[in-house]
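# Structural overview
Spelled out from the first residue to the last, the chains are:
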Amino acid sequence: MRTPVIAANWKMNKTQAEARQFVTEFLPKVANLSGVEMLIIPPFTAIAAVAEGLRGSAVGLGAQNMSKEAPGAFTGEVAGVMLTEAGCTHVLAGHSERRTLYEENDQLVGEKVRAAFANGLTPILCIGETLQEREAGQTDAVNRRQLLAGLEGLSAEQVAQTIIAYEPVWAIGTGKNCDPADAQATIAAIRGVVVEAFGAEAAAAVRIQYGGSVKPGNVATYMAQPDIDGALVGGASLDPASFAAICAGAK
Ligand code: PGA
């Protein structure tokens, strides 16, 4: 059985003060929730404040990005060891905003995934097609390409631990969430690629989230799908009541 995992991707939002306020309001709302793994993924500057606020709670902490390099002369970058020390257990790799706005290619995303494991971090590998690719019938081919490049060089055991986030680019931040049955079909195909490349055991264990305009009102329709193991939530994760309702709806 795969435990659902719900992650709050705050993107470039929240000062330290706002992050502290969120944690103070959020934790009591999920204190009695079990059977669902929860993660907060703040911007770098708020990681320490969130780590402090979450201490002793069941809610985990991740970062939105990391360098593929070890510490050194890489101005503006953050190394995996710095994230681990700051209390992170997870890190996003290949979010579509990184791919499109910051030109991260499949190969670099794969290097970041491998660097995450090398630093004891669990990667959340984000993949998904653009509207143009979807309309051209390329959804499964794009996901296969991004998935295989992202998981390249990993052992089956590492793949089993990885979290994959299927986020159709056209559904991110648009309010146009993917039809749950469509998301199920695409995620089943993604799991099929994992079977092919890493075996049935890894594929049965790997958790695959849906992301793209997830809200308290639609999260249950995704969680009802057999292959969807959680959600990566942007806009609706910024408000503590909204994110708590999504976590509760994931059970
Ligand atoms: P959204 O973002 O929930 O605001 O659509 C999801 C994401 O980018 O991870």
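Source: prediction; values computed, not measured.

## Observations concerning the site of the ligand
The immediate surroundings of the ligand are formed by 13 residues, with Lys 11, His 95, Glu 167, Gly 173 and Ser 213 found nearest. Here an oxygen atom of the ligand and a side-chain polar atom of His 95 are 2.7 Å apart. At 2.8 Å, a backbone N or O of Gly 234 approaches an oxygen atom of the ligand. Against a free-state accessible area of 280 Å², the protein chains account for coverage of 96% of the ligand. Its residues assigned to classes, the shell around the ligand shows four nonpolar, seven polar and two charged.

## Side note on the environment of Thr 84
Looking at where Thr 84 falls in the secondary structure, it is placed in helix α3 (residues 80-85). Residue class for Thr 84 comes out partly exposed when judged on its relative accessible area of 33%.

## Brief notes about the pattern of salt bridges
This structure, assessed with the given rule, holds 14 salt bridges. Arg 134 is paired through a salt bridge with Asp 182; the nearest N and O atoms lie 3.0 Å apart. Separated by 48 residues along the polypeptide, Arg 134 in helix α6 (residues 131-135) and Asp 182 in helix α9 (residues 180-198) bring together distant segments of the chain. What makes Arg 134 partly exposed here is its relative accessible area of 23%. Residue classification places Asp 182 among the partly exposed residues on the basis of a relative accessible area of 35%. Salt bridges sharing partners connect three or more residues here, namely Arg 2, Arg 191, Asp 227 and Asp 229.

Rules and cut-offs
Residues numbered from 1 in each chain as written. Predicted model: local features only at pLDDT ≥ 70, side-chain atom pairs only at ≥ 80, totals over all residues. Heavy atoms only, no water. Near = heavy atom within 4 Å. Polar contact = N/O pair within 3.5 Å; in protein donor to acceptor, adjacent residues only side chain to side chain. Areas by Shrake-Rupley, 256 points an atom, 1.4 Å probe, with all protein chains shown as cover. Nonpolar A, V, L, I, M, F, W, Y, C, P; charged D, E, K, R; others polar. Helix = DSSP H or I, 4+ residues; strand = E, 2+ residues; numbered from the N terminus. Buried < 20%, exposed > 50% of the residue type's maximum accessible area, 1.4 Å probe, protein only. Salt bridge = Lys/Arg side-chain N within 4 Å of Asp/Glu carboxyl O.

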